[in-house]
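For reference, the chains in residue letters:
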Amino acid sequence: MLRCIQCGHELKADPWVLSCPKCGGLLSSEIKEKPLAISWSLFRTRRFGVWRYKELLPRIKEPVTLGEGGTPLVKIGKKIWVKFEGANPTGSFKDRGMTVAVSLAKESGVKNVICASTGNTAASMAAYASRAGMRSFVVLPKGKVARGKLAQTALHGAIVIEIEGPFDLALDVVREIAGPDTGLYPLNSLNPWRIEGQKTLAYEVVDEIGVPDWIILPIGNAGNISAIWKGFLEMRKFGLIRRMPKLAGVQAEGAAPIARAFKEGRKEPLFTDNPKTIATAIRIGRPVNWAKAFKALRESQGVAEIVSDQEIIDAQRKLGRMGLGVEPASASSYAGYLKLLKGDVMGEEDRIVMIATGHALKDPDSSPPVESIRALNKEEAINKIKELIS
Ligand SMILES: *Cc1c(COP(=O)(O)O)cnc(C)c1O
Ligand SMILES: [Zn+2]
């Protein structure tokens with residue numbers, strides 16, 4: 001069953017109905033009754049990953065899967081972990097939602113899918129659509145998509161439309177053209193079925209270490225923070241957990257419509273038409289899921305934080321030196337953590353999980369330049385290395 005998050009209208013689940021027929025609000029998939037016999041021990045009889053939790057996901061006969069989810073939870077401090085979503089099949093958490101939404105689309109006979117994207121949704125959709133035998137169309141903000149993501153999109157055979165303007169404009173295109181009459185199925189995060197898959201990130205964290213005190217993550221279109229909070233709400237509702245974590249949402253200085261408003265105690269975001277940040281995955285001025293994000297931050301008694309591009313780059317380099325290669329948007333979790341540590345919201349005793357949303361290979365241009373030492377022959381190379389280790 002689907003429920004409108006704005007007016008509460010309830011309707012039967014239909015993959016093509018993606019907004020409330022009464023008020024146009026966002027829809028959320030609701031599980032009415034506790035699925036029979038679910039427990040951690042049942043889940044653990046299955047392979048780690050999205051479909052381990054299938055009773056809490058839409059029922060699908062044959063999932064379109066690439067083995068998504070089941071990503072490493074890497075301990076980087078006494079009570080601090082990084083959930084490394086870069087280990088997903090296409091290198092970002094987007095795969096969690098895509099396996100569910102593409103599976104549903106396939107079951108309903110969809111042949112063509114479309115999305116607007118800052119890059120990772122496009123890469124993920126293109127891969128899963130190819131696996132399902134569908135054609136994919138992606139609308140991208142020209143010149144603002146990281147190189148690795150473009151390469152993946154091309155490799156998986158998507159048809160690319162580049163538009164002058166930010167992500168938000170690309171999304172307007174999709175909203176206008178997608179629908180049953182054109183047969184183009186939209187796979188942006190206003191699609192409630194992607195949120196269903198993405199909520200498994202919360203299940204996996206609890207499956208491994210129980211409920212942490214804090215979860216820190218970047219906010220772009222705010223799909224992920226909505227999904228994670230929904231995951232926790234459902235776990236509590238079905239008796240799988242008792243306590244809840246607090247959420248910390250991080251945005252970049254030049255693209256902080258939610259974080260800025262939340263910090264100022266406003267009820268609505270401060271949209272911008274000209275978002276700017278090197279963290280292209282969160283370069284979004286008008287987040288679609290803003291209402292769900294506000295709800296998640298408020299209900300969890302969480303916080304919002306704003307970080308500069310320099311802080312993001314510094315955090316990315318620090319994670320790199322711990323062996324964790326993440327793209328800039330993902331490093332904003334760690335940048336936010338370092339900033340929040342200085343205040344009094346998080347304590348030493350808190351168990352903290354940071355979500356590293358995407359892999360460093362996505363955006364090779366954001367890595368430091370290679371400072372190489374030149375050698376003309378074997379002897380010179382050997383001598384220079386000897387000098388360096390002495
Ligand atoms: C999509 C994405 C985000 C933002 O997630 P939202 O659900 O849009 O808030 C952050 N980091 C990376 C790497 C992403 O791909
Ligand atoms: Zn409604």
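Residues numbered from 1 in each chain as written. Chains lettered and ligands numbered in written order. Predicted model: local features only at pLDDT ≥ 70, side-chain atom pairs only at ≥ 80, totals over all residues. Heavy atoms only, no water.

**Student:** Looking at this structure, I do not really get the overall build of the protein chain. What am I missing?
**Tutor:** Secondary structure summary: the protein chain contains 13 helices and 13 strands in total. Across the 390 residues in the protein chain, those meeting the buried criterion constitute 57%. By sequence separation, contacts in the protein chain at least 24 residues apart represent 70% of the contacts at least 6 residues apart. Just so you have it, the protein chain exposes about 17300 Å², and 52% of that area is on carbon and sulfur atoms. Taking the 56 positively charged and 42 negatively charged side chains of the protein chain as two groups, their mean positions are separated by 4 Å. (Helix = DSSP H or I, 4+ residues; strand = E, 2+ residues; numbered from the N terminus. Buried < 20%, exposed > 50% of the residue type's maximum accessible area, 1.4 Å probe, protein only. Contact = heavy atoms within 4.5 Å. Areas by Shrake-Rupley, 256 points an atom, 1.4 Å probe, with all protein chains shown as cover. Lys, Arg positive; Asp, Glu negative; His and termini not counted. Charge placed at Lys NZ, Arg CZ, Asp CG, Glu CD.)

**Student:** Just to check I follow, could you spell out the coordination of the zinc ion (ligand 2) for this structure?
**Tutor:** The expected angle between donors at a tetrahedral four-coordinate metal is 109.5 degrees. At an octahedral six-coordinate metal it is 90 or 180 degrees. Coordination of the zinc ion (ligand 2) by the protein comes from Cys4 (SG), Cys7 (SG), Cys20 (SG) and Cys23 (SG), over a distance range of 2.3 Å. Each donor residue of the zinc ion (ligand 2) belongs to the same chain, with the gaps between them written as C-x2-C-x12-C-x2-C. Highlighted residues: Cys7 in the loop between β1 (2-4) and β2 (10-11) and Cys20 in the loop between β2 and β3 (27-29), separated in sequence by 13 residues. (Donors = N, O, S within 2.8 Å, 3.2 Å for Na, K, Ca; no water.)

**Student:** Explain the site of ligand 1 to me, please; I cannot follow it from the model alone.
**Tutor:** Taken together, 17 residues surround ligand 1, and among them Lys94, Asn120, Asn221, Asn224 and Thr357 come closest. Between Gly223 and ligand 1, the recorded distance is 3.1 Å, taken from a backbone N or O atom to an oxygen atom. With respect to ligand 1, the backbone of Asn224 contributes an N or O atom lying 2.7 Å from an oxygen atom. Of all the elements in the fold, those that place two or more residues in the shell around ligand 1 are α8 (223-237) and α12 (328-342). Looking at the shell around ligand 1, its residues break down into seven nonpolar, eight polar and two charged. (Near = heavy atom within 4 Å. Polar contact = N/O pair within 3.5 Å; in protein donor to acceptor, adjacent residues only side chain to side chain. Nonpolar A, V, L, I, M, F, W, Y, C, P; charged D, E, K, R; others polar.)

**Student:** It is not clear to me how the domain arrangement of the protein chain should be interpreted in this structure. Could you clarify?
**Tutor:** Accessible area lost on assembly of the parts is the figure often given for the size of an interface. The assigned domain composition of the protein chain is domain 1 (1-30), domain 2 (73-89 + 194-366) and domain 3 (94-191). Measuring from the centre of the C-alpha atoms in domain 2 to the corresponding centre in domain 3 gives 23 Å. Residue-level contacts link 30 residues of domain 2 with 30 residues of domain 3. A buried area of about 2500 Å², summed over both sides, lies between domain 2 and domain 3, and 46% of it is on carbon and sulfur atoms. The largest contributions to the domain 2 side of the interface with domain 3 come from Arg194, Arg283 and Lys362, which together make up 34% of the buried area. Joining domain 2 to domain 3, the criterion identifies five salt bridges. Run the count over domain 2 and domain 3 and you get 14 residue pairs in polar contact (both at pLDDT 80 or more). (Domains from an automatic or database assignment. Buried area = accessible area lost by both parts, 1.4 Å probe. Salt bridge = Lys/Arg side-chain N within 4 Å of Asp/Glu carboxyl O.)

**Student:** How should the sheet that holds strand β6 (residues 112-116) be read in this particular structure?
**Tutor:** Pairing between sheet strands relies on hydrogen bonds along the backbone, with the strands arranged either parallel or antiparallel. Pairing is parallel across the open sheet formed by four strands, whose spatial order is β8-β7-β6-β9. Among the strands making up the open sheet, the edge pair consists of β8 (159-163) and β9 (184-186). Geometrically, the sheet is characterised by an average inter-axis angle of 25 degrees between neighbouring strands, direction not taken into account. By the bridge criterion, five bridges tie β6 to strand β7 (residues 135-141) in an arrangement that is parallel. Within β7, the position partnered with Cys115 by the bridge is Val138. Sheet strands in contact with helix α5 (residues 167-177) are β6, β7, β8 and β9, and its direction is about 150 degrees off that of β6. (Pairing = 2+ DSSP bridges. Axes fitted to C-alpha atoms, helices over the stretch in contact; angles between N-to-C directions.)

**Student:** It is not clear to me how the side chain of Thr357 should be interpreted in this structure. Could you clarify?
**Tutor:** One can find Thr357 in the loop between β13 (352-356) and α13 (378-389). Here the side chain of Thr357 touches Ser330 through a polar contact of 2.8 Å, side chain to side chain. When sequence neighbours within four positions are dropped, the list of residues in contact with Thr357 reads Glu85, Gly86, Gly91, Ser92, Phe93, Pro218, Asn224, Ala329 and Ser330.

**Student:** Which parts of the structure should I look at to understand the sheet that holds β3?
**Tutor:** Pairing is antiparallel in the open sheet, where three strands are placed in the order β2-β1-β3. Taken across any chain shown, the strands that pair with only one partner, and hence form the sheet edges, are β2 and β3. With two bridges connecting them, β1 and β2 associate as antiparallel partners. Looking at the pairing, Leu2 lines up with Leu11 of β2.

**Student:** Please explain α5 as it appears in this structure.
**Tutor:** Owing to its 3.6 residues per turn, the α-helix aligns residues three or four sequence positions apart on the same side. Taken as a whole, α5 has its buried residues at Phe167, Asp168, Ala170, Leu171 and Val174. All buried residues of α5 project into a common sector of 155 degrees when viewed along the axis, lining one side. Against the buried residues of α5 lie β6, β7, β8 and β9. Just downstream of α5, Gly179 is the residue with a positive phi angle, here 150 degrees. (Arc of directions from axis to C-beta.)

**Student:** Can you help me understand the environment of Leu66 in this one?
**Tutor:** By the secondary structure assignment, Leu66 is in the loop between α1 (40-43) and β4 (73-77). Measuring from C-alpha to C-alpha, the distance between Leu66 and Tyr128 comes to 7.7 Å, with 62 residues separating the pair along the chain. Non-local contacts of Leu66, meaning those with residues more than four positions away in its chain, are made with Pro89, Ala127, Tyr128 and Arg131.

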